[in-house]
Amino acid sequence: MEPDLHELLRSLRVWDPQVTDLPAFDPAVAPAEPLPLFTRWFAEAVAAGQAEPHTMSLATADARGLPDVRIVMLHGADDDGWSFATHAHSRKGGHLAARPYAALAFYWPVLGRQVRVRGPVAAAPAEEAQADLHARSTGALAAALTGRQSEVLGSAQELARASEAAWERARHAPDTPAPSWTLYRLRADEVEFFQGEARRRHVRLRYRRGPEGWVRESLWP
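Residues numbered from 1 in each chain as written. Predicted model: local features only at pLDDT ≥ 70, side-chain atom pairs only at ≥ 80, totals over all residues. Heavy atoms only, no water.

**A look at the overall build of the chain**
Each helix and strand counted, the chain has 6 helices and 10 strands in total. Across its three principal directions, the C-alpha atoms of the chain cover 60 × 55 × 40 Å. At a minimum sequence separation of 6, the contacts of the chain that also span at least 24 residues come to 64%. Split by element, the accessible area of the chain, about 13200 Å² in all, is 55% carbon and sulfur. Charged side chains in the chain number 26 positive and 28 negative. The centres of these two groups are separated by 5 Å. (Helix = DSSP H or I, 4+ residues; strand = E, 2+ residues; numbered from the N terminus. Contact = heavy atoms within 4.5 Å. Areas by Shrake-Rupley, 256 points an atom, 1.4 Å probe, with all protein chains shown as cover. Lys, Arg positive; Asp, Glu negative; His and termini not counted. Charge placed at Lys NZ, Arg CZ, Asp CG, Glu CD.)

Given below as structure tokens:
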């Protein structure tokens, strides 16, 4: 017998106090720029035991404006922007070539927190992308060398052969370049911090980039 999706949904509870800590958040004492607050919240998510806090949703749109979203890994965040990487010929790479604008979303349920970021995206210099790739694990390099991301796969055996060859190269030649591997940076126009609250009086703080710097605004939940 198949499970009843609606029954399952009704049985779930958001932010169970047994597993969730909803800390207080006062926007009045938030820093003037979003990056220091993001760094603090990220560190607190790590300290709270949030699984894979560096994963994020990446939303893009194709040339017709149709949206798409997937989970990717944050590679860094600094004054140049929030960084992630992929092959230039992947679906998301094609989207960013046609429409170089994207949105990111982090969700750290252990603390009842979200961070949303959106803005224009640009590719970093190729040497930075290769340095970023080679600073990661052997598995990350092997995955990049397997290539053909987002193309139609003929069979599982075809993937296995390509993957084994890529792993072999990654182990024995760890400096092997992956020419299509691209490091992208999203320069934020907006960053929103969402803190859940038990009585649903959620706290939302939005930073907007203005001509003279960042503007902070509290939003209704």
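**Quick notes on a negative patch on the surface**
The grouping of E33, D78, D79 and D80 at the surface amounts to a negative patch. In this structure, D79 sits in the loop between β3 (76-78) and β4 (81-87). (Patch = residues over 30% accessible without salt bridge, like charges linked within 9 Å, V, L, I, M, F, W, Y side chains within 5 Å. Salt bridge = Lys/Arg side-chain N within 4 Å of Asp/Glu carboxyl O.)

**Thoughts on the pairing of strand β9 (residues 203-210)**
Summarising the sheet, strand β8 (residues 190-195) and β9 pair through 6 bridges and their orientation is antiparallel. In the sheet register, V191 faces β9, and the bridge partner there is Y207. Two elements, β9 and strand β10 (residues 213-219), share 7 bridges in a ladder whose sense is antiparallel. Residue R208 lies in a different strand from β10, and its bridge partner there is V215. Here β9 hands over to β10 after 2 residues, the two strands then running antiparallel side by side. (Pairing = 2+ DSSP bridges.)

**Describing the environment of A165**
Checked against the element boundaries, A165 lands in helix α6 (residues 156-172). Judged by its relative accessible area of 42%, A165 is partly exposed. Between the C-alpha atom of A165 and that of E192, which follows or precedes it by 27 residues, the distance is 43 Å. (Buried < 20%, exposed > 50% of the residue type's maximum accessible area, 1.4 Å probe, protein only.)

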